[in-house]
Amino acid sequence: MNVIETAGLSKRYGRTWALRDAALAIPAGYVVALVGPNGAGKTTLLHISVGLAWPTAGQVTVLGIEPAGSPAALDQIAFVAQDAPLYRNLSVADMLHLTRNLNRRWDQQRAEARLGELSIPLERKVGKLSSGQQAQLALTLALARRPRLLVLDEPLASLDPLARHDFMASLMAAVAEDGLSVVLSSHVIADLERVADYLIVLSHGQVQVAGEVEGLLACHRTLTGPAAAADDVAQRLAVVYARRAGTVAHLLVRNNGAAAPAPTGWEAHPVGLEELVLAYLRDPGAAALPGPRPRVTQDSGIPA
């Protein structure tokens, strides 16, 4: 089952396309990292998926067969926005009461137990909570709905490193307990690297790469060798991104099937998630090497 599936998905605001013919099939059971620069279309994709926006063209289904935004879908999806709608003048208990009255699925006992474990007093005003506690409250409100799919849009943006660590630890504990599928948008790649097992890179409104993290890393590598020979190597290999530093060139390449031995005079190195993401986000013209810039399709991470 795919928790989010799109076909020809496009969204235009005036003359600007936020998404353009985006095709995705995100399988259930993963913690999905959605990465891209500002303006890439990440928030638009998430808003359409949870029924907060409607596409200009194309279709979106969630949880296998449900149309995005339908009552059946909304009952099974929880969404936490970057600026979670928490009312500063309400107490934590009042926020639980309000959210309970707005949702058909609600687990009050779990919400109160979770806040107790986090030492967040029910009587405290939301505005008196730290940024980390407010993020944990927003996550608690989402988890108390007992969703099948949890969608998080930049939940770490305003948090310090310790609060980010605690938030991610709480999230992964919930994933393990409930078997949730999670789609998480964030700029903090280092945090995503510890938890994500599926990656989507979005840029200029289009999917650049999507697939299981393990498979994507396995089918890419970095070659280091003489800059004078870089053009010749690029003619024979699928180069995602190239960088020259004096007489040395670094090429991030995609393997077609099993990785061939490194060319003579070159060394091969494994690729990390951050390096892979940045390579696919960079301007294709920055490589300044011949040959087309490859893309990786989704699902298994095996090159197309």
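All values reported here derive from a predicted model rather than from experimental measurement.

Q: Any chance you could explain the environment of Arg-12 here in plain terms?
A: Counting through the fold element by element, Arg-12 comes out in strand 1 (residues 2-13). Contact partners of Arg-12, with chain neighbours within four places excluded, come to Trp-17 and Thr-56. Of the polar contacts made by the side chain of Arg-12, one reaches the backbone oxygen of Gly-14; its length is 3.4 Å.

Q: In this structure, what is going on with unusual backbone geometry? I would like to understand it.
A: The general pattern is negative phi for most residues beyond glycine and trans for most peptide bonds. Even without being a glycine, Asp-21 presents a positive backbone phi close to 55 degrees. For Asp-21, the location among the structural elements is in strand 2 (residues 16-27). In the Ramachandran plot, His-204 falls in the positive-phi region, its phi being about 55 degrees despite a non-glycine side chain. Structurally, His-204 is set in the loop between strand 9 (198-203) and strand 10 (206-212).

Q: I tried to follow the confidence of the model for the protein chain on my own but got confused; where do I start?
A: As a note on interpretation, predicted positions should not be read in detail where pLDDT is low. Here the protein chain shows a mean pLDDT of 88. Residues at 70 or above account for 92%. Low pLDDT, under 50, characterises residues 284-304; the predicted model gives this stretch 69 contacts beyond four residues in sequence or across chains.

Conventions adopted
- Residues numbered from 1 in each chain as written.
- Predicted model: local features only at pLDDT ≥ 70, side-chain atom pairs only at ≥ 80, totals over all residues.
- Heavy atoms only, no water.
- Helix = DSSP H or I, 4+ residues; strand = E, 2+ residues; numbered from the N terminus.
- Contact = heavy atoms within 4.5 Å.
- Polar contact = N/O pair within 3.5 Å; in protein donor to acceptor, adjacent residues only side chain to side chain.
- pLDDT = per-residue confidence, 0-100.

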